[in-house]
Amino acid sequence: MKLRLLAGALALDFVNTVDPLVGPDAQDFLDRPAALADWAALAGLEPPAAPTAEDLARALAVRRDLHAVFGAVAAGGDPPAAALARIRRAYAATLGRAALVPAGDGLAWRPAPADAILWPVLASAVELLTSSVLRRVKECENHETCGWLFLDASRGGTRRWCSMSGCGARAKMRRYRARHAARGATA
């Protein structure tokens, strides 16, 4: 799997399982049930033993809603109410199936096996949606061939790219070439 986790929030990394999110060359990394387990391993989650087609369908529906919500936030708008409601229902359903189990000096939530992937993704989404950093969710400025979402954790809130080594470097190279082409045309 060539997918990278660069978003700074698990929910956004889950949205970014389509690479790029825009353009004709999009590759969906969640194209079969087993891909859910691959992504879970990449994200450091406990992968389910054998994800089903139903698990994949639920995951893709959650991903669509997360993209709608966080894409709207990144664009400076309000999240669609219907997508927020579906995320709330999905989160409540996973919570309803979870168990409180002993962990260290206290208790911790353990998701049902069918929710092993969606539980942490939805928990990340809810945490981000209810945090003061929500407005730091951005879309990569490489609008034509990327569109990935990320959490801008830079001090000044000025991060522009999903990755400086990827989209940022390509943008700098395009600007450099354009400047030199313009100099050559005026010489």
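Keep in mind that this is a model prediction, so the values were computed, not measured.

*Asks:* For this particular structure, what's the right way to read the overall build of the protein?
*Replies:* Across its full length, the protein carries 6 helices and 6 strands. Beginning at the N terminus, the succession of helices and strands in the protein can be written as α-β-β-α-α-α-β-β-α-β-β-α. The buried share of the protein, taken over its 187 residues, is 39%. Pairs at least 24 residues apart make up 51% of the contacts formed inside the protein by residues separated by at least 6 positions. When the accessible surface of the protein is summed, it comes to about 10200 Å², and 56% of that surface belongs to carbon and sulfur atoms.

*Asks:* Please clarify how unusual backbone geometry should be interpreted in this entry.
*Replies:* In terms of backbone geometry, most residues other than glycine have negative phi values and most peptide bonds are trans. The residue after D19, namely P20, is reached through a cis peptide bond having omega -5°. Tracing the sequence through the fold places P20 in the loop between β1 (18–19) and β2 (27–28).

*Asks:* Where do I start with the packing of aromatic side chains in this structure?
*Replies:* Any two aromatic rings considered together are summarised by their centre-to-centre distance and by the angle between their planes. Applying the stated rule across the entire model yields 3 aromatic pairs. Their ring planes at 70° and their centres at 5.0 Å tell us that F14 and W39 sit as a pair that is edge-to-face. Here F14, found in helix α1 (residues 10–15), pairs with W39, found in helix α2 (residues 33–42); they are 25 residues apart in sequence, far enough to count as distant. Residue classification places W39 among the buried positions, given a relative accessible area of 0%. When the centroid spacing of 6.3 Å and the interplanar angle of 25° are considered together, the rings of Y91 and W119 count as stacked. Note that Y91 is positioned in helix α4 (residues 81–97) and W119 in helix α5 (residues 118–129), a separation of 28 residues in sequence.

*Asks:* For this particular structure, what's the right way to read α2?
*Replies:* Think of an α-helix as 3.6 residues a turn; residues three or four steps apart then line up on the same face. Among all positions in α2, only A35, L36, A37, W39 and A40 are buried. In this structure, the buried side of α2 is in contact with α1, α3 (53–74) and α5. Directly beyond the C-terminal end of α2, a positive phi value near 80° is found at G44.

*Asks:* Would you mind going over the pairing of strand β3 (residues 99–103) with me for this structure?
*Replies:* When a strand is regular, its side chains alternate between the sheet's two faces. Pairing between β3 and strand β4 (residues 106–110): 5 bridges, direction antiparallel. Among the inter-strand pairings, A99 is bridged to a residue of β4, identified as R110. Between the antiparallel neighbours β3 and β4 lie 2 residues, among them G104 with a positive phi of about 60°.

*Asks:* Would you take a moment to explain the nonpolar core for this structure?
*Replies:* Taken as a class, soluble globular proteins show a tendency for nonpolar side chains to be buried jointly. With 45 residues, the main nonpolar core has L12, F14, W39, L66 and F70 as its most contacted residues. Elements represented by at least two residues in this core include exactly α1, α2, α3, α4, α5 and β6 (149–151). It is α3 that provides the largest number of residues to this core, a total of 8 residues.

*Asks:* It is not clear to me how α3 should be interpreted in this structure. Could you clarify?
*Replies:* The end-to-end C-alpha separation of α3 is 31 Å, in line with the 32 Å expected for 22 residues at 1.5 Å each. G76 occupies a position one or two residues after α3 and carries a positive phi of about 85°.

The rules behind these values
- Residues numbered from 1 in each chain as written.
- Predicted model: local features only at pLDDT ≥ 70, side-chain atom pairs only at ≥ 80, totals over all residues.
- Heavy atoms only, no water.
- Helix = DSSP H or I, 4+ residues; strand = E, 2+ residues; numbered from the N terminus.
- Buried < 20%, exposed > 50% of the residue type's maximum accessible area, 1.4 Å probe, protein only.
- Contact = heavy atoms within 4.5 Å.
- Areas by Shrake-Rupley, 256 points an atom, 1.4 Å probe, with all protein chains shown as cover.
- Phe/Tyr/Trp six-rings, centres within 6.5 Å; stacked < 30°, edge-to-face > 60°.
- Pairing = 2+ DSSP bridges.
- Core = buried A, V, L, I, M, F, W, Y, C linked by side-chain atoms within 4.5 Å.
- Expected span 1.5 Å × (residues − 1).

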